[in-house]
Amino acid sequence: MKFPAAQTILIIIAGLVTIMTWIIPAGSYNSLSYNESADNFVIQSQDSSYQLAASEESLSKLNVNIPIDKFTSGAIYKPISIPNTYEKLPSKPQGFMDFISAPIKGIIEAADIIFLVLIIGGMIGIMNTTGAFNAGMAWLSKVLKGKEFLLIIFTSLLISLGGTTFGLAEETLAFYPILIPIFIAAGYDTMVGLASIFLGSAIGVMASTVNPFATIIASDAAGISWTSGLEGRIVLYIVSMTVTILYILWYAKKVKNNPEKSLTDPKATKSLAYIQQATSDKHIALTLRLRIILIVFTACFVLMILGVSQWGWWFVEMTTVFFAGAILIGFIAKMKENDFIESFLQGAADLLGVAFIIGLARGITIIMNDGLISDSILFYASELTSGMNKGVFINALYFIYQGLTFFIPSSSGMAVLTMPILSPLAENVNIGRELIVNAYQMGNGLFNSVSPTGLVLASLGLVKIGYDKFLKFMVPLYIMLAIVGVIFLTILAF
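Residues numbered from 1 in each chain as written. Predicted model: local features only at pLDDT ≥ 70, side-chain atom pairs only at ≥ 80, totals over all residues. Heavy atoms only, no water.

Asks: Hey, could you go over the overall build of the protein chain for me, with residue numbers and the actual values?
Replies: Assigned secondary structure in the protein chain consists of 24 helices and six strands. A compact globule built from 494 residues should have a C-alpha radius of gyration of about 23 Å, and the protein chain, at 23 Å, falls within 12% of that. Counting only residues that meet the buried cut, the protein chain has 56% of its 494 residues in that class. The contacts of the protein chain with a sequence gap of at least 6 include a subset with a gap of at least 24, amounting to 79%. For the protein chain, the exposed surface amounts to about 21,200 Å²; the carbon and sulfur share of it is 65%. Within the protein chain, the 30 negative side-chain charges are centred at a point lying 15 Å from the centre of the 28 positive side-chain charges. (Helix = DSSP H or I, 4+ residues; strand = E, 2+ residues; numbered from the N terminus. Rg over C-alpha atoms; globule rule 2.2 N^0.38 Å. Buried < 20%, exposed > 50% of the residue type's maximum accessible area, 1.4 Å probe, protein only. Contact = heavy atoms within 4.5 Å. Areas by Shrake-Rupley, 256 points an atom, 1.4 Å probe, with all protein chains shown as cover. Lys, Arg positive; Asp, Glu negative; His and termini not counted. Charge placed at Lys NZ, Arg CZ, Asp CG, Glu CD.)

Structure, rendered in structure tokens:
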């Protein structure tokens, strides 16, 4: 018996969620969205909609405690749930055809990120053909000799800074083909590289400080300033990243001293196309042409980060950068047309499995939404916390958010759906709403570090590590970070 592949795990989860639509009562909150062109609010129920004037009075009438400027400025750009509007609806169980078609719908809905992954794969294929990776790895292995641990520290810190400031998450899928060979050249296994990249992002997002897709949108939806509780989140970021980096360093040292203790499969590692090229026996001199190619390759990632963090770019712009980069590298390398196309298509094909994982994960969310159980899960979760004292309440909410993350992995989606419903509960137990925001960020971010409906399986697919092996690595760290979260929230509550 072998642990199932990532795609199989997601299909099993989709089947279980389909069954849940037959068990969990259907229900829905009314939603509120701002129509900029008409300068009014649109209230949408399951079977009707109407408009209200965009004013503080309208928000007060709906018991939405959010300043009007949060909508008119575009800070809240997604429909939010309206408190006290939950109603049970006729059951809408999903059948076999819904289950079968959900992955297809998911692939179509996730086309933006899927094409980003495929284009990056094509660019990697071009890089492999030029031999730039091989030459670069040979040079880098000499530079890092005796100082390999710095690679873990710098990679984790830099990516976590992206996570805590602008929500660097899906974009990290682009980093694996360039960074994993460097970790291999430094004498580590792919788990060390995966942990440095993936956990750097996940824990950074968990301890978001100024992240517009988590901290700011959640604070806006809770009706408070995003600076409320900022000092505590900075402390949480420092503590959480210190724990995470020390844990990765401990595992890395153990593997470096004894490769047999690695949780990864050496055969699977060697089968990775970008590993084969970068670690091949054929050493290529790092010529000026190859240096320029490596500079262009690296510049694409720098440009992507600048675009997302400073210029409002998203998947279309990011994908365009890598597509243009691949063409430019082909010209610099003086590749023939047929060689360029074959290399590009082969590189894209190597990441096709990852693209399917992304689509399958999105399909699970589609089943829940079509089965009308997402809002029901939120409603029953909010009911669980009634009557609790503030210490128990905030920690219960912390773990409730971890459970909700399985069904709603998106940080921004979680914020607009849950904050209007759960943030008013803070007044009932005499705590600040910023603690609700903290519990949301920490619960959502921590569970996304292991959730199969998030980015975990897509990241594992890029490095060919089994989900069971990753969980074996991750469980001790997860427990430590969960304890850090409980201590942090308890101290702030009192």
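Having seen it, we continue.
Asks: Report on a nonpolar patch on the surface, specifying residues and quantitative values.
Replies: Nonpolar side chains collect at one region of the surface, where Ile-12, Leu-16, Ile-19, Trp-22 and Ile-23 lie side by side and expose about 570 Å² of accessible area between them. Mapped onto the secondary structure, Leu-16 falls in helix α1 (residues 6-23). (Patch = residues over 30% accessible without salt bridge, like charges linked within 9 Å, V, L, I, M, F, W, Y side chains within 5 Å. Salt bridge = Lys/Arg side-chain N within 4 Å of Asp/Glu carboxyl O.)

Asks: Could you give an account of the pairing of strand β4 (residues 49-53), naming the residues involved and the relevant values?
Replies: Relative to β4, strand β3 (residues 40-44) runs antiparallel, the two sharing five bridges. Opposite Phe-41, over in β4, you have Leu-52 as the bridge partner. Between β3 and β4, which pair antiparallel one after the other, the connecting turn spans four residues. (Pairing = 2+ DSSP bridges.)

Asks: Explain helix α19 (residues 390-407) residue by residue, including any values.
Replies: With 18 residues, α19 should reach 26 Å at 1.5 Å per residue; the first-to-last C-alpha distance of 26 Å fits that figure. Counting buried residues along α19, 13 of its 18 residues qualify, which places the element largely inside the surrounding structure. Here α19 starts with a cap whose side-chain oxygen sits 3.1 Å from the backbone nitrogen of Gly-391, and that cap is Asn-389. (Expected span 1.5 Å × (residues − 1). Polar contact = N/O pair within 3.5 Å; in protein donor to acceptor, adjacent residues only side chain to side chain.)

Asks: Break down the confidence of the model for the protein chain for me, with residues and values.
Replies: A low pLDDT means the predicted coordinates there should not be read in detail. When the pLDDT values of the protein chain are averaged, the result is 85; 96% of them are 70 or greater. The element-level mean pLDDT for the protein chain is lowest in helix α13 (residues 273-278), coming to 64, with helix α24 (residues 467-493) highest at 95. (pLDDT = per-residue confidence, 0-100.)

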